[in-house]
Each structure stands twice: as C-alpha cells, then as structure tokens.
Amino acid sequence: MTGSVHRWSASIMVLMMILHVFHVYLTGEFPRIHLGYRCGFGWHVTGYSLPRDQIGYWAVNIVTDVPEAIPLIGSLLVELLRGSASVGQSTLTLFTVYNTFGLPLLNCFIYVDALSNDT
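Residues numbered from 1 in each chain as written. Predicted model: local features only at pLDDT ≥ 70, side-chain atom pairs only at ≥ 80, totals over all residues. Heavy atoms only, no water.

Draft legend 1. Structural detail: the overall build of the protein. For the protein, the count of helices and strands is 5 helices and 0 strands. The secondary structure elements of the protein, listed N-terminal to C-terminal, are α-α-α-α-α. Expressed as a percentage of contacts within the protein between residues at least 6 apart in sequence, the contacts between residues at least 24 apart total 58%. Surface summary for the protein: the accessible area is close to 8,500 Å², and the carbon and sulfur share equals 72%. (Helix = DSSP H or I, 4+ residues; strand = E, 2+ residues; numbered from the N terminus. Contact = heavy atoms within 4.5 Å. Areas by Shrake-Rupley, 256 points an atom, 1.4 Å probe, with all protein chains shown as cover.)

Draft legend 2. Highlighting unusual backbone geometry. One non-glycine residue, Leu72, lies in the positive phi region at around 70°. On the secondary structure map, Leu72 appears in the loop between helix H3 (54-65) and helix H4 (74-82).

Draft legend 3. Broad picture of the packing of H3 against H4. Following both chains from N to C, one finds H3 and H4 inclined at 150°, their axes separated by 9 Å at the closest point. Taken as axis vectors, H3 and H4 run roughly antiparallel relative to one another. For the pair H3 and H4, the contacting residues are Asn61, Thr64 and Asp65 in the first and Val78, Leu81 and Arg82 in the second. Per-class residue counts for the contact of H3 with H4 are 2 nonpolar, 2 polar and 2 charged. (Axes fitted to C-alpha atoms, helices over the stretch in contact; angles between N-to-C directions. Parallel < 35°, antiparallel > 145°, perpendicular 65-115°, else oblique. Nonpolar A, V, L, I, M, F, W, Y, C, P; charged D, E, K, R; others polar.)

Draft legend 4. Representation of H3. For H3, built from 12 residues, the straight-helix expectation of 16 Å at 1.5 Å per residue is met to within 8% by its first-to-last C-alpha distance of 16 Å. Taken together, the buried positions of H3 are Gly56, Ala59, Val60, Asn61 and Thr64. (Expected span 1.5 Å × (residues − 1). Buried < 20%, exposed > 50% of the residue type's maximum accessible area, 1.4 Å probe, protein only.)

Draft legend 5. Structural context of the environment of Leu80. By the element assignment, Leu80 lies in helix H4. Put simply, Leu80 and Thr91 are 11 residues apart on the chain and 9.7 Å apart in space, counted from C-alpha to C-alpha. Filtering out sequence-adjacent residues up to four positions away, Leu80 remains in contact with Leu94 and Tyr98.

Draft legend 6. Representation of the pattern of salt bridges. The final tally for this structure, using the stated rule, is 1 salt bridge. The closest approach of N and O atoms between Asp65 and Arg82, which form a salt bridge, is 2.4 Å. Here Asp65, found in helix H3, pairs with Arg82, found in helix H4; they are 17 residues apart in sequence, far enough to count as distant. Judged by its relative accessible area of 35%, Asp65 is partly exposed. (Salt bridge = Lys/Arg side-chain N within 4 Å of Asp/Glu carboxyl O.)

Draft legend 7. Looking closely at the side chain of Thr96. Relative to the elements of secondary structure, Thr96 occurs in helix H5 (residues 89-117). In terms of polar contacts, Thr96 uses its side chain to reach the backbone carbonyl oxygen of Leu92, at 2.8 Å. (Polar contact = N/O pair within 3.5 Å; in protein donor to acceptor, adjacent residues only side chain to side chain.)

Draft legend 8. Broad picture of the side chain of Thr91. Along the chain, the position of Thr91 falls in helix H5. By relative accessible area, which is 0% here, Thr91 ends up buried. If sequence neighbours within four positions are ignored, Thr91 has contacts with Val60, Arg82, Ser84 and Ser86.

Draft legend 9. Layout of the confidence of the model for the protein. On average, the protein scores 77 in pLDDT, and the residues at 70 or more come to 79%. Here helix H2 (residues 35-47) stands out as the least confident element of the protein, with mean pLDDT 62; H4 is the most confident, with 88. (pLDDT = per-residue confidence, 0-100.)

Here's what the structure looks like:
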C-alpha cells in the first residue's frame, strides 16, 4: 500500500514539475534556475528503491554503475554510493536514507542560501 501511494505521489510530482518548467519558460524566468532543480533529480533516482521490488533493484544497480566509468576514482565512488561492493539490502536501505533525510536536508540548505542571496 505504501509503495503505491509513493509511486502515485512521485508521478504527480513529476507532472507538476513539468508544468512548473513550462510556466518558468513561458514567463521568462529561466535564467534564474538554480541547484534546487538538479537536486530534485536525486529524489527521482533514490525514490526508485523505496518500493523494494525488482524495478527498484535494477534502477539502483544501473544508477550506481554509472560512476564506474570515471577514471581512477570510479570504483571508489561506486562503493561509496552502494555502501558495499554490490547492490544488496544495505544499498536499498542507504538509498532510502538518502531519499528520506539526505536530499531534503540538502534542498533546505540550498533554498535557505538562495533566499538569503536573493535581493
């Protein structure tokens, strides 16, 4: 039940984000786009792991494989993202923590900074 509510809420959030992007474009405010929009992408990526099904497992597996292409530090980044050498229960738990605590806290800092610098 909780996974279904989360999926529907995430889908509605994506729809609202698309409508907001059109609004920003049509009103000409697009030069002011800041880091908060980029952090929103992290919620979509980490949110895949919340239902803890096969789609979430493979999405996390693919997303955490991407940094491995970075020379010298790629394998270290992959292990830091996963929390272990391979995707498992600890990785899904870690992504849930990122989604629940890490990204909202990061967004709060970004928005407070944006509000304090906005004149």
